[in-house]
Amino acid sequence: MASITPALAETLSVLEGAGEPLSTTEVSDELGVGRRSTYDRLDRLSDAGHVRTKSVGASARIWWTSRATGEKSIATGVDDTAASASAGDTAASASAGDTGSASAESGSPVPGPSVEAALDDASVGVVTFDRDGRVGFASATFRAHLGFEDEPTRERLERVALVSEGNERVPDPVTDVWTEVRDGPRRVRVEDEGRWLAVSVRPTAPDSLVVTTRDVTRQADWESELANAYAAAEEELAAFRSRAVDGFATVDASGYVVDVGDRFARIVCDVEDEETVLLDQHVDTAFAATPDAKRAVMECLDTGTAVSVEDATGFDDRRFDLEAVPIDHGVAVHLRDVTDRVVRERELRRYASLVDALGEPVYELDEFGEFTFVNDAAVEASGYSRSELLGSHVSIGMSDDAVATVAQQLVDVLDADEPRRLRAEYEVQPKDGEPYPVENRLAVLTDDDGRMTGTAGVVRDISDRWERERELETYERIVETVEDGIYVLDSENRFTFVNDAFASLVDAPVDDIVGAAAREVLDDAFVEKAERALASTDDGDRDAGRFQGTVRATTDETFVADVQVSAFGFEDGCGRVGVLRDVTERVNRERKIESQRARLEALNEMNALVRDVASAAVEGSTREDIEALVCEELAASSSYSFAWIGGVESYDGTVTLRTEAGVDGYLSGVTITTDPADPRSHGPVGRAFRERAVQVVRDASTDAQFEPWRELVDRHGFGSAAAIPITYEDALYGVLSVHADRENAFTGEERAVVERIGEFVGHAIAAVERKRALTSEEVVELEYRVEGIYDEFAVDVDPGGRIAFEETVRVNDDELLVYGTVTDDARDALEGLVDAFEGWRSVTIVDSAGGDGESRFELRTGNSPVYMQAMGSGGYIERATIEDGESRIVMHVPPETDVRAVTTAVVEAYPGAELVSKRQFSRPMESMTALQRQVEELLTERQLAVLEAAFYGGFFEWPRSVSGKEVASSLGVAPPTFSQHIRKAERKVFALLLESDGRVDDVGAPE
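Residues numbered from 1 in each chain as written. Predicted model: local features only at pLDDT ≥ 70, side-chain atom pairs only at ≥ 80, totals over all residues. Heavy atoms only, no water.

**Student:** Even after reading the chapter, I still don't get the overall build of the protein chain, so can you show me in this structure?
**Tutor:** The helix and strand inventory of the protein chain stands at 35 helices and 37 strands. Sorting the 1007 residues of the protein chain into buried and exposed places 42% on the buried side. A separation of at least 24 residues holds for 50% of the contacts in the protein chain among residues at least 6 apart in sequence. When the accessible surface of the protein chain is split by element, carbon and sulfur atoms take 47% of a total near 52700 Å². (Helix = DSSP H or I, 4+ residues; strand = E, 2+ residues; numbered from the N terminus. Buried < 20%, exposed > 50% of the residue type's maximum accessible area, 1.4 Å probe, protein only. Contact = heavy atoms within 4.5 Å. Areas by Shrake-Rupley, 256 points an atom, 1.4 Å probe, with all protein chains shown as cover.)

Here is the structure:
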């Protein structure tokens, strides 16, 4: 046998190892390569005689090697069919005590494995029974077939649950299976193992039995699958026969053609008399000539539902509908000839289009002069309804004289041998309104014998023409006096007349213009616009076309002109007359006014929205109310179409919709993230979250960064969008996305107002969140831990000691004072942290250590992201400590707080931080808490800051740790200002404690 390649040898080994026929898909799965490549390998092995193959059903093929038929294996030279008998003989020898092997040539002993060892390694299981049915020898393979780990006994074999091929339980396995001698093997299934075995029982002398077992599970499964495939194929064939089709093909689940009719091949695949070349081709190749067929098949495979394509393809002037129908293991494709239907529909559409394209009244009368058809234009022009016209005599809209005149013309036409068409002019009387003149172009309708059966005509209103003729002399006088430019072109598009005003507008002498071609005086774009405007008058609705265009003078200066053009008759043809009016100043003025109006309208609406949001905040609205109000007001404005607010509430950075107005389900089926590595974060919303700055899309249909969401533009039809971060201090509450129908919105002043809305809404939300935090009994406690904080920030100090940060006072927009205590052994660490942290500016010991070894300090810092995030969320830092090198930060925030945003702020400030606990509890609203809230409400922000700085700085200690001048210096104010603030604050606090009403006014309080 010739040598084969490694790839073919690998494929052959799969078939030999199976011991039974396999389908192409099964071999492909074993090899882990594509179905097409697998088929090519098997085909080459079949051509070389290594494997055999057979077609099964409509689309299946099986393959097997010589081992499955009892021939010698190509790879090993072993006769597998005789394996069971050989194993049985060997087992008999083993049972008799023969444990050696002999040379095949000389019969002399040859060292080798024992018989039992050889049987244990065989693929066939072997067991022997004596005359009393006791087990003698059982090979390892036999034990594995039954799931035994040790030696079997008769009693154990009797307890093995066996099922016959008829799916019936074997009552006595030992008697009915293991010791029953039969002609040929018997199949049984080991129920607990789910394995099918072929069992052969042979008697041996004296009075013993040898039983061999072979695992045929795969073969049994394959046979079951094959039976199901045959049944499915029969069903497919029955369904196919029930359809009256003009062509058919079958595609398997992988998209390969497995059956095709010759007519289908010619029609769809453009293959003639060689449909077999399409077999085993993928639809991408086989149906390349008919993309609709390929699309329908692939969609059917993907969705599992039938897909129909009307008028999908044509062949020899015939048209066909195509249908792809899901079947077991693939798709059936059918063609139906619909040529007659297509032709009829095409003719009807053509005639309907012709009638509609006229744009003029069209009618049909029977031989008695009664209407049998009128189009929409005729109904509109007459003033009657269609039901009133149909069946009525034509005199319903004509005078008796007009009817008599047209009737006589018809008689003359019928008597003549000329074409039976005529043109008549007369006045018609609509149901409501004054009579007006029309031109009726009608034709006589006849039957096959030439007898008149009626008339059909097209009516045109010629009022303008009659009026034009009456006013012709007036126009002539006007042409010479108006300031508008007037010109006349002949049928060859050359100037035959221009007035002085026209010559002045184009800055050229009259004599140079007359006789010149239109494109020599006016640019191509202007001439083309004029021709289109004139062509638009052909529908009969008007005699003149109008347009606005730019005219370039001979000096290259340009101006904007309103132009009216109309047809102008000559003896030798038809030209046109045009009138130009310079409207440059008016257009510029209107553009400026419109731009200002739109901008002012947008600004007014935005300012009104800001006022509404302010009102909502003052009235104690919730965050949800404010967000809903913002979206509703924006969507209700004439400047914007819809708006929505999104937030990030999951750790994967996915943006979720919180509220929307003017649109329903904007984010349905769409994903927006804030992860910079994800392309879906590169749009305006994702960038607004990351950069905390307004992002604008000027043209949503062309902006490259909006490409992943282009379907949203098609679905909701907007032209531009703005993503506005809702922020307060360092807290980000979400992003407001506003969408406008127009392009290039959100520029200039409008963008500035939009930015303020984000800031104001953030301020309003922060206010209501703080208010809710103060009045709510529920609070969420978040505790963060930073291990090895000194190592984290490269502070080379002894990690011992304790630093406690007890109170934070906000001095101004970018400066904080933090008060706390530090043990003596942690002072160097505190100073080292000041040097390490960029935002920490200085630290001052305001009260030296006493007997307890602790000192109070004042730390001056810039804005802390962690502090600002806590405050922006309506919460506060309950405590913060550093002890023995480990930092702990405990925050109290409202239950609705975005914990992910808080954690992000903490981790950004302290990269080694981790959230170690989160719990929600109810805090008691004790009298002290109420008193503290009243103090915060009574004092101004500056008074509260002064009071807190003085208290925590030691101003009220005895003796004083700091002077008023020193506190004033810390706050950055003058000593007199500090004294004024502290006196005001003290008076208010004591008044709250001592006065009966518990309230004081704020007259004269410094800002």
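There is more to say after this.
**Student:** Whenever I open this one, helix H16 (residues 400-415) confuses me. Can you help?
**Tutor:** At 3.6 residues per turn, the α-helix brings residues three or four places apart onto the same side. With 16 residues, H16 should reach 22 Å at 1.5 Å per residue; the first-to-last C-alpha distance of 23 Å fits that figure. Looking at H16, one finds that the buried residues are Ala402, Val406, Leu410 and Val413. The buried residues of H16 all sit within an arc of 75° when viewed along its axis, so they share a single face. Seen from the open side of H16, the exposed residues pointing more than 90 degrees away from its buried face are Asp400, Asp401 and Asp415. Turning to H16, the residues buried within the fold contact strand S17 (421-428), strand S18 (436-446) and strand S19 (452-461). (Expected span 1.5 Å × (residues − 1). Arc of directions from axis to C-beta.)

**Student:** Explain the sheet that holds strand S30 (residues 778-786) here, please?
**Tutor:** Pairing between the strands of a sheet is mediated by backbone hydrogen bonds and can be parallel or antiparallel. One open sheet accounts for 8 strands, arranged S33-S34-S32-S31-S35-S36-S30-S37; its pairing is antiparallel. Looking at which strands have only one partner, the edges of the open sheet turn out to be strand S33 (840-847) and strand S37 (913-922). For this sheet the average axis-to-axis angle between neighbouring strands, irrespective of direction, equals 20°. Across 6 bridges, the pairing between S33 and strand S34 (residues 854-861) is antiparallel. Bridging across to S34, Thr844 finds its partner in Glu858. Lying over the sheet, helix H34 (residues 964-971) contacts strand S31 (802-812), strand S32 (815-823) and S34, oriented at roughly 35° with respect to S34. (Pairing = 2+ DSSP bridges. Axes fitted to C-alpha atoms, helices over the stretch in contact; angles between N-to-C directions.)

**Student:** What am I meant to see in the pairing of strand S36 (residues 886-893) here?
**Tutor:** Consecutive residues of a regular strand have side chains that alternate between opposite faces of the sheet. Counted residue by residue, S36 has 6 buried out of 8 residues, so it is predominantly covered. In the sheet, S30 pairs with S36 via 7 bridges, with the strands oriented antiparallel. Bridge pairing in S36 places Arg785 opposite Arg888. As judged from the 7 bridges shared by strand S35 (residues 876-883) and S36, these two strands associate in the antiparallel manner. Within S36, the residue paired with Ala880 across the bridge is Ile889. The turn linking S35 back onto S36 is made up of 2 residues, and Asp884 within it adopts a positive phi angle of 55°.

**Student:** Is there a simple way to explain the packing of aromatic side chains in this structure?
**Tutor:** How two aromatic rings sit relative to each other is set out by the distance from centre to centre and by the angle between their planes. Evaluated as defined, the whole model comprises 25 aromatic pairs. Taking the centre distance of 4.6 Å and the plane angle of 50° together, the rings of Phe837 and Trp840 count as tilted. Grouping residues by exposure puts Phe837 and Trp840 together as buried. Here a set of aromatic residues connected by ring pairs shows up, and it is made of Phe642, Trp644, Tyr666, Phe706, Trp709 and Phe718. The cationic tip of Arg156 hangs over the ring face of Phe148; the distance from NZ or CZ to the ring centre is 4.2 Å. Directly above the aromatic system of Phe955 lies the positively charged group of Arg960, at a separation of 3.9 Å from the ring centroid. (Phe/Tyr/Trp six-rings, centres within 6.5 Å; stacked < 30°, edge-to-face > 60°. Lys NZ or Arg CZ within 6 Å of the ring centre and 35° of its normal.)

**Student:** Would you explain the sheet that holds strand S7 (residues 186-190) in this entry?
**Tutor:** Spatial strand order, S5-S4-S9-S8-S7-S6: 6 strands in an open sheet with antiparallel pairing. Either end of the sheet is taken by a strand with one partner, and the two such strands are strand S5 (135-138) and strand S6 (162-164). When the angles between neighbouring strand axes are averaged without regard to direction, this sheet yields 30°.

**Student:** What is the right way to look at the pairing of S35 in this model?
**Tutor:** Across 4 bridges, the pairing between S31 and S35 is antiparallel. Paired with Ile803 across the strands is Ile882, a residue of S35.

**Student:** Please explain unusual backbone geometry as it appears in this structure.
**Tutor:** As a rule of thumb, non-glycine residues mostly have phi less than zero, and peptide bonds are mostly trans rather than cis. The backbone of Asn493 shows a phi angle near 65°, a positive value even though the residue is not glycine. Looking at where Asn493 falls in the secondary structure, it is placed in the loop between strand S20 (485-489) and strand S21 (495-498). The residue Asp884 is not glycine, and still its phi comes out positive at about 55°. By the element assignment, Asp884 lies in the loop between S35 and S36.

**Student:** What am I meant to see in helix H22 (residues 524-535) here?
**Tutor:** If you check H22, its first and last C-alpha atoms are 16 Å apart, about what 12 residues at 1.5 Å a residue would give, namely 16 Å. Listed in full, the buried residues belonging to H22 are Phe526, Val527, Ala530, Ala533 and Leu534. The arc that holds the buried residues of H22, viewed along the axis, is 125°, so those residues lie on one side.

**Student:** Please clarify how the confidence of the model for the protein chain should be interpreted in this entry.
**Tutor:** The predicted structure's coordinates, where accompanied by low pLDDT, should not be read in detail. Mean pLDDT for the protein chain: 80, with 84% of residues reaching 70 or above. Taken as a whole, residues 68-83 scores under 50 in pLDDT and shows 26 contacts with residues more than four places along the chain or in a different chain. Under a pLDDT of 50 for its full length, residues 96-112 has, in the predicted model, 15 contacts with residues more than four places off or in other chains. (pLDDT = per-residue confidence, 0-100.)

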